[in-house]
Amino acid sequence: MTENAWTRWPSREALKREAATRPRRVLGWVTRSLVLAMLLWGAFSSTHVRGWGVLGAVVAVLLSAVVSWALFRTTLAHRLWPSLALYCVLLTIAAVAQVDDFRVVALVLWCGCAITALERLPIAAALPVTVVALALYAAVNDDVWLTTLATTTGLALAGYVLRLDAEARGSAQRLLTQERAARAAEADSAALAERSRIAREIHDVLAHSLSAQLVHLEAARLLIERGADRDQILERVVAARGMARDGLAETRQALSALRGEMTPLEDFLAQLVGTVDGAEATLSGERRPLSAEASQAVRRVAQEALTNVRKHAPGSKVGVRLEYGEDQVTLVVRDSGGSPGELTATGAGYGLLGMRERAELLGGSLDAGPDDEGFVVTLKVPA
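Residues numbered from 1 in each chain as written. Predicted model: local features only at pLDDT ≥ 70, side-chain atom pairs only at ≥ 80, totals over all residues. Heavy atoms only, no water.

Quick look at the pattern of salt bridges
Note that side chains of opposite charge can pair when their charged atoms are close. For clarity, the cut-off: Every case where a carboxyl oxygen of Asp or Glu lies within 4 Å of a side-chain nitrogen of Lys or Arg is listed as a salt bridge. Helix and strand assignments come from DSSP, with helices taken as H or I runs of at least 4 residues and strands as E runs of at least 2, each series counted from the N terminus. Exposure is judged per residue with a 1.4 Å probe applied to protein chains only, and the accessible area is read against the type maximum: over 50% gives exposed, under 20% gives buried, and values in between give partly exposed.
Enumeration over the complete set of coordinates arrives at four salt bridges. Arg-183 is paired through a salt bridge with Glu-179; the nearest N and O atoms lie 2.6 Å apart. Residue Arg-183 and its partner Glu-179 are located together in helix H7 (residues 145-225), separated by four residues, close to a single helical turn. Judged by its relative accessible area of 38%, Glu-179 is partly exposed. Among the ionic pairs, Arg-321 bridges to Glu-323, the shortest N-O distance being 2.3 Å. Relative accessible area serves as the criterion here: at 31%, Arg-321 is assigned to the partly exposed category. Overall, Glu-323 belongs to the partly exposed group, its relative accessible area being 27%. Among the charged side chains, a salt-bridge network with shared partners connects Glu-218, Arg-221 and Glu-225.

Quick look at the side chain of Thr-330
Applicable threshold: Contact definition: two residues touch when any of their heavy atoms are within 4.5 Å.
With respect to the helices, strands and loops of the structure, Thr-330 is situated in strand S3 (residues 328-335). When near neighbours in sequence (up to four residues on either side) are disregarded, Thr-330 contacts Arg-321, Leu-322, Glu-323, Thr-378, Leu-379 and Lys-380.

Examining the sheet that holds strand S5 (residues 375-382)
Keep this limit in mind: Strands were regarded as paired on the criterion that DSSP finds at least two bridges between them. Angles shown run from 0 to 180 degrees and are taken between the N-to-C directions of axes, each axis being a line fitted to C-alpha atoms and, for helices, limited to the stretch in contact.
Overall, mixed pairing links the five strands, which are arranged S1-S2-S3-S5-S4 in an open sheet. A single partner strand is all that each edge strand has here, and the edge strands are strand S1 (279-284) and strand S4 (365-370). Each neighbouring strand pair of the sheet contributes to a mean axis angle of 10°, computed without reference to strand direction. Sheet topology places S4 next to S5; six bridges connect them, and they run antiparallel. Following the sheet pairing, Pro-370 is matched in S5 by Phe-375. Together, S1, strand S2 (318-324) and S3 form the strand contacts of helix H9 (residues 265-274), whose direction differs from that of S2 by roughly 175°.

With respect to the packing of H9 against helix H10 (residues 292-312)
Filter applied, for reference: To sort the angles, those under 35 degrees are grouped as roughly parallel, those over 145 as roughly antiparallel, those from 65 to 115 as roughly perpendicular, and the leftovers as oblique.
At their nearest, the axes of H9 and H10 sit 11 Å apart, and the two run at 10° to each other. By the angle between their axes, H9 is roughly parallel relative to H10. Counting all contacts with H9, which are made through Leu-265, Phe-268, Leu-269 and Leu-272, the residues of H10 involved are Ser-295, Val-298, Arg-299, Ala-302, Gln-303 and Leu-306.

Observations concerning the packing of helix H5 (residues 103-120) against helix H6 (residues 123-140)
The condition that has to hold: It is the rotation of the near helix from the far one that decides the hand of a crossing: anticlockwise by less than a right angle makes it left-handed, clockwise makes it right-handed. The residue classification treats Ala, Val, Leu, Ile, Met, Phe, Trp, Tyr, Cys and Pro as nonpolar and Asp, Glu, Lys and Arg as charged. All others, Gly included, are polar.
The interhelical angle for the contact between H5 and H6, taken along N-to-C directions, is 155°, at an axis separation of 8 Å. The orientation of H5 relative to H6 falls into the category roughly antiparallel. In the packing of H5 onto H6, the handedness of the crossing is left-handed. Contact residues: Arg-103, Leu-107, Trp-110, Cys-111, Cys-113, Ala-114, Ala-117 and Leu-118 in H5; Ala-126, Leu-127, Val-129, Thr-130, Ala-133, Leu-134, Leu-136, Tyr-137 and Val-140 in H6. Here the residues of the contact of H5 with H6 sort into 15 nonpolar, one polar and one charged.

So, to be careful, I would describe these as geometric facts and stop short of saying anything about function.
The structure is reproduced here in structure tokens:
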């Protein structure tokens, strides 16, 4: 059965003390202390309390305190029938106190039952408890009927206002818990994305470096098989060693870039083009800073494209053009074509595929294919 406003319990967050601020908790302890003090004063201020009556009064007050504590636990656990039974115990104690002429004790217990029932029980269950408690209070109150009516109405309103206040604090507590959970999930997601970005970056750097080393090592193998001069073989091995050294340097640069420490993109392309014979770089558009992801994508695609030129069209002229558009940056690497090199079959062919995936993750695109003269790689990423 679907709960409605009459049968719905106040939320556990509303009933817990954690939902209240420290000043509210202090006020709550002060209030409970005052109530206990009033019960004790009412029990011992009566002139007829003598001998065993003192012991009975102490037992009644302590029993009321224990029942009130148990009532807090059962309402917090949303246990209806045990809670109603405990209210019946408190009302009975108040009635016995009234019969034994402990008037103050009876009035305090009846008022407390009326208020806390409205604050902590479902409305459908709280109303009978409140009505009984206030009816007993009104029956023994000596004030004029209008004053008694105003007092009972005020007590009922106080209990309902406390209920609304507790619900508001409980809602705030739930929202705070949800916000903290959302922030924790967001932090975990950001950490996972950062780890993925680092892994992709290191993978791309090593893939480029190892691919370049493979080019030279494969060339050295072919030279050895053909019985080439020692100097030619040594040149290729030294080049492979240089590529390994450059790969380590690029890995350090990639990690620095992930921390926001990188050389300007234009300077990087100029240095990269300077390592390839017959290559030149041109820039167009208004230069502006790019995000770390976009800048790294341009750098890796340029490296991969030039490596492919060395493998598939050695000795061809290469043009590297970087264009800053209105909302995107475009990198075009074009070679003039040439006879396939001896290293055309080396590598697994996944370099440009990885670059295309990187571009798509950024919302861009990468196209690679032959044109009228040679081969063209075009990268477009949002700027």
